[in-house]
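An overview of the molecular structure
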Amino acid sequence: MSWYHVSLSPEEVAEGLVQECSSDFSAAFTAANAPRMMAFFQRESQGGGLELFFTPDCGEHAASVLEKWNCSPCDPPPMAGLHLLGGFNEITYYLY
């Protein structure tokens with residue numbers, strides 16, 4: 001199963017789109033009864049933007065969020081530099 005990814009420019013970050021995406025994720029997470037393997041991460045990118053990553057379970061439980069944010073399938077990102085934005089803290093123990 002694929003992870004999902006979207007990049008936000010520095011301008012999009014400044015406009016508050018990370019918070020909007022986080023709210024969308026939180027609503028889907030709650031509606032799906034908080035699946036243990038459903039999570040949402042961010043990593044800084046060069047130039048002040050952010051990369052957002054969604055675990056494979058988001059494909060099942062948050063497809064509308066992935067579609068809204070134009071996320072594309074990707075390989076699992078390296079855990080170094082990732083910061084959890086949504087989901088359970090222990091998720092990082094189960095991902096790899």
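Residues numbered from 1 in each chain as written. Predicted model: local features only at pLDDT ≥ 70, side-chain atom pairs only at ≥ 80, totals over all residues. Heavy atoms only, no water.

**Regarding the pairing of strand E3 (residues 50-54)**
For a regular strand, the rule is simple: side chains alternate between the two faces of the sheet. Counting buried positions over the five residues of E3 gives five, a clear majority of the element. Here E3 shows a buried face lined by Leu50, Leu52 and Phe54 and a second buried face lined by Glu51 and Phe53. Alignment of strand E1 (residues 3-8) against E3, held across five bridges, turns out to be antiparallel. By the bridge assignment for E3, Ser7 is matched with Glu51. Pairing between strand E2 (residues 40-44) and E3: five bridges, direction antiparallel. Among the inter-strand pairings, Glu44 is bridged to a residue of E3, identified as Leu50. (Buried < 20%, exposed > 50% of the residue type's maximum accessible area, 1.4 Å probe, protein only. Helix = DSSP H or I, 4+ residues; strand = E, 2+ residues; numbered from the N terminus. Pairing = 2+ DSSP bridges.)

**Digging into the packing of aromatic side chains**
Counted by the stated rule, this structure contains five aromatic pairs. Each ring, one from Trp3 and one from Phe41, has its centre 5.9 Å from the other, and the planes form 35°; the classification is tilted. Of this pair, Trp3 sits in strand E1 while Phe41 sits in strand E2, and the two are 38 residues apart along the sequence. The two residues Trp3 and Phe41 agree in class, both being buried. Cluster of aromatic residues (ring-pair linked, three or more members): Phe25, Phe29, Phe40, Phe54 and Phe88. Of note, Arg36 hangs over the ring of Phe88, and the distance from its end group to the ring centre comes to 4.5 Å. (Phe/Tyr/Trp six-rings, centres within 6.5 Å; stacked < 30°, edge-to-face > 60°. Lys NZ or Arg CZ within 6 Å of the ring centre and 35° of its normal.)

It is worth stressing that arrangement in space is one thing and function is another; only the former is reported here.
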